[in-house]
Amino acid sequence: MNARQIDPPEHLYADELAFLAAADRGPRPPGWKLTPQAVVTFIAGSAGRPVKGSDGRQVTIAAKFVGERALIERCVVTLAGERGLLLVGEPGTAKSMLSELLAAAVCGTSALAVQGTAGTTEEQLRYGWNYALLLAKGPSREALVPSPVLTAMTTGAVARVEEITRCLPEVQDALVSILSDRRLVLPELPDDSVAYAAPGFCVIATANLRDRGVSEMSAALKRRFNFEVVPPIADFDAEVTLVTRQARAAVERVGAAYTVDEAVLETLVTAFRDLRTGGTVEGWEVERPSSVMSTAEAVAVAASIGLSTAYLPGPDPLSLLPGHLMGVVRKDDPADHARLLAYWDGALRRRAEAGGRMWRQLWEQRDVLRD
């Protein structure tokens, strides 16, 4: 097998999925690889308790998504029915990761995905044509090129549509009849003109309503989805653990050792949470930047600092944080530069004056932020 930068969850957790499939013999919705309870356990973990397998083995399943178990349970119940699941939230709240984990657990593959953009066409949600075969043999199933959605329909799998609100409304509405009628009409094939949804077919879409260029979903399409809001991580320790794990994995994938101290990562996550929420745990107000200060951005910064220490040793890792923070906040609005400086001269300075060593070191790096 060729080397990959990132393994999809169905490959990364193949042993766990096989174990859970054999361990839980309860009722399964038609076409599902796991029971709904096993899907929840796979994603949310077994809460530190080992799961007993059919062969007597006991395996403790680690949580793969940081969030409320009730949210995952609602998602699984939606997929067991015939409505689509729409995961909505701020950028960087792991909506895509959750959709991949759900798809891998339900049908064994997360690969049947369409990435929504302003350039996504209706054919990418329905079907297209191999024009060489179309000209040679005319309209036929052989000449038809199914979209990931059509493939999921006919095989009873999960179709994923990422960033659906970035697609134009008329493109989004190609899903209305698919979700309503559970079939797709192929008018070019008069003798084989309908593709029917096989048992197990369902659709997971994600929507980031904060980005520019968002196209409002039609009321007809909204009615065919159950909406689930994926919130930012509430627990500080859980966010630090996630940032550490993800950043370490990103650095180790390139063959380098991750040597960033946990205290640096705690400082990084604290700064991101201050700027994301507009306030500190001490009760001080912070002007929020318009840029997204998400957990995903924190992971990217932590990974960048890890790569710097691995390949360009020398500087204290903490001294690299201000420059990376500046890169995050200046992505959208130039005025966010001033907001970051205000944070440095406000909450961060007060922490430094209170005697926090890490914050004092950060405060001493304030000149990095000035043009």
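Further up the page is the structure itself.
To start, this report covers the structure provided alongside it.

1. Re the nonpolar core
Nonpolar side chains in soluble globular proteins generally cluster together in the buried interior. Val-39, Ile-43, Leu-102, Val-149, Ile-164, Leu-175 and Phe-225 are the most contacted members of the largest nonpolar core, which totals 67 residues. Those residues in contact with Leu-175 that lie beyond four places of it in its chain are Leu-125, Val-149, Val-161, Ile-164 and Leu-221. Counting 41 residues, the second largest nonpolar core, distinct from the first, contains Ala-256, Tyr-258, Leu-275 and Leu-340.

2. Observations concerning the sheet that holds strand β10 (residues 202-207)
The parallel open sheet is built from five strands, whose spatial order is β4-β7-β10-β3-β11. Of all strands in the sheet, those bounded by a partner on one side alone are β4 (113-115) and β11 (225-229). Between one strand and the next, the sheet's axes are offset by a mean angle of 15°, whatever the strand orientation. Taken together, the four bridges between strand β3 (residues 84-88) and β10 define a ladder with parallel strand orientation. Counterpart to Val-88 in the pairing with β10 is Ala-207. Sitting on the sheet, helix α5 (residues 95-107) is in contact with β3, β7 (158-162) and β10, with an inclination near 170° to β7.

3. Observations regarding the environment of Ala-157
Mapping Ala-157 onto the fold places it in the loop between α7 (148-155) and β7. Assessed through its relative accessible area of 6%, Ala-157 is described here as buried. Residues Ala-157 and Ser-110, spaced 47 residues apart in sequence, show a C-alpha to C-alpha distance of 9.2 Å. Residue contacts for Ala-157: discarding those within four places in its chain leaves Cys-107, Leu-112, Ala-152, Gly-200, Phe-201 and Cys-202.

4. Considering helix α2 (residues 14-23)
All of the buried residues along α2 are Glu-16, Leu-17, Phe-19 and Leu-20. Projected down its long axis, α2 shows its buried positions confined to an angular sector of 165°, all on one face. Exposed residues on α2 whose side chains face more than 90 degrees from its buried face are Asp-15 and Ala-18. Tucked inside the fold, the buried residues of α2 contact α1 (9-12), α3 (36-44), β1 (51-52), β2 (58-59) and α5.

5. Some remarks on the packing of helix α4 (residues 69-80) against α5
The description of two packed helices rests on the angle between their axes and on the distance between the axes. Their axes nearest at 12 Å, the elements α4 and α5 cross at an angle of 50°. The orientation of α4 with respect to α5, classified from their angle, is oblique. With respect to the hand of their crossing, α4 and α5 are arranged in right-handed fashion. In this structure, α4 uses Cys-75, Val-76 and Leu-79 to contact α5, whose residues at the interface are Leu-98, Leu-102 and Val-106. Its residues placed into classes, the contact of α4 with α5 shows six nonpolar, no polar and no charged.

6. Thoughts on the layout of surface pockets
One water molecule sets the probe size; rolling that probe over the atoms shows where empty space is left. As a volume, the largest pocket reaches approximately 1100 Å³. In this structure, the largest pocket is lined by 36 residues; those nearest its centre are Ile-6, Met-97, Glu-100, Gln-246 and Arg-253. Among the elements of the structure, α1, α5, α11 (236-252) and α13 (295-311) are those that each provide at least two residues to the lining of the largest pocket.

7. A closer look at a negative patch on the surface
On the surface, a cluster of negative charge is contributed by Asp-235, Asp-237, Asp-261, Glu-262 and Glu-266. Relative to the assigned elements, Asp-235 resides in the loop between β11 and α11. Overall, Asp-235 belongs to the partly exposed group, its relative accessible area being 43%.

8. Some remarks on the packing of aromatic side chains
As enumerated under the stated definition, the model contains three aromatic pairs in all. On the numbers, 5.8 Å between centres and 80° between planes, the contact of Tyr-13 with Phe-42 is edge-to-face. Note that Tyr-13 is positioned in the loop between α1 and α2 and Phe-42 in helix α3, a separation of 29 residues in sequence. Owing to a relative accessible area of 0%, Phe-42 belongs among the buried residues under this scheme. With a centroid separation of 5.9 Å and an interplanar angle of 90°, the aromatic rings of Tyr-127 and Trp-129 are classed as edge-to-face. Here Tyr-127 matches Trp-129 in class, with each residue buried. In this structure, Lys-64 packs its charged tip against the face of Tyr-13, placed 5.0 Å from the ring centre. Of note, Arg-366 hangs over the ring of Trp-363, and the distance from its end group to the ring centre comes to 4.2 Å.

The rules behind each value
Residues numbered from 1 in each chain as written. Predicted model: local features only at pLDDT ≥ 70, side-chain atom pairs only at ≥ 80, totals over all residues. Heavy atoms only, no water. Core = buried A, V, L, I, M, F, W, Y, C linked by side-chain atoms within 4.5 Å. Buried < 20%, exposed > 50% of the residue type's maximum accessible area, 1.4 Å probe, protein only. Contact = heavy atoms within 4.5 Å. Pairing = 2+ DSSP bridges. Helix = DSSP H or I, 4+ residues; strand = E, 2+ residues; numbered from the N terminus. Axes fitted to C-alpha atoms, helices over the stretch in contact; angles between N-to-C directions. Arc of directions from axis to C-beta. Parallel < 35°, antiparallel > 145°, perpendicular 65-115°, else oblique. Left-handed = near helix turned anticlockwise from the far one by under 90°. Nonpolar A, V, L, I, M, F, W, Y, C, P; charged D, E, K, R; others polar. 1 Å grid on protein atoms, 1.4 Å probe; cavity = no way out; pocket = protein on both sides within 12 Å on 5 of 7 lines; lining within 4 Å. Points joined across faces, edges and corners; volume = space filled by probe spheres on them. Patch = residues over 30% accessible without salt bridge, like charges linked within 9 Å, V, L, I, M, F, W, Y side chains within 5 Å. Areas by Shrake-Rupley, 256 points an atom, 1.4 Å probe, with all protein chains shown as cover. Salt bridge = Lys/Arg side-chain N within 4 Å of Asp/Glu carboxyl O. Lys, Arg positive; Asp, Glu negative; His and termini not counted. Charge placed at Lys NZ, Arg CZ, Asp CG, Glu CD. Phe/Tyr/Trp six-rings, centres within 6.5 Å; stacked < 30°, edge-to-face > 60°. Lys NZ or Arg CZ within 6 Å of the ring centre and 35° of its normal.

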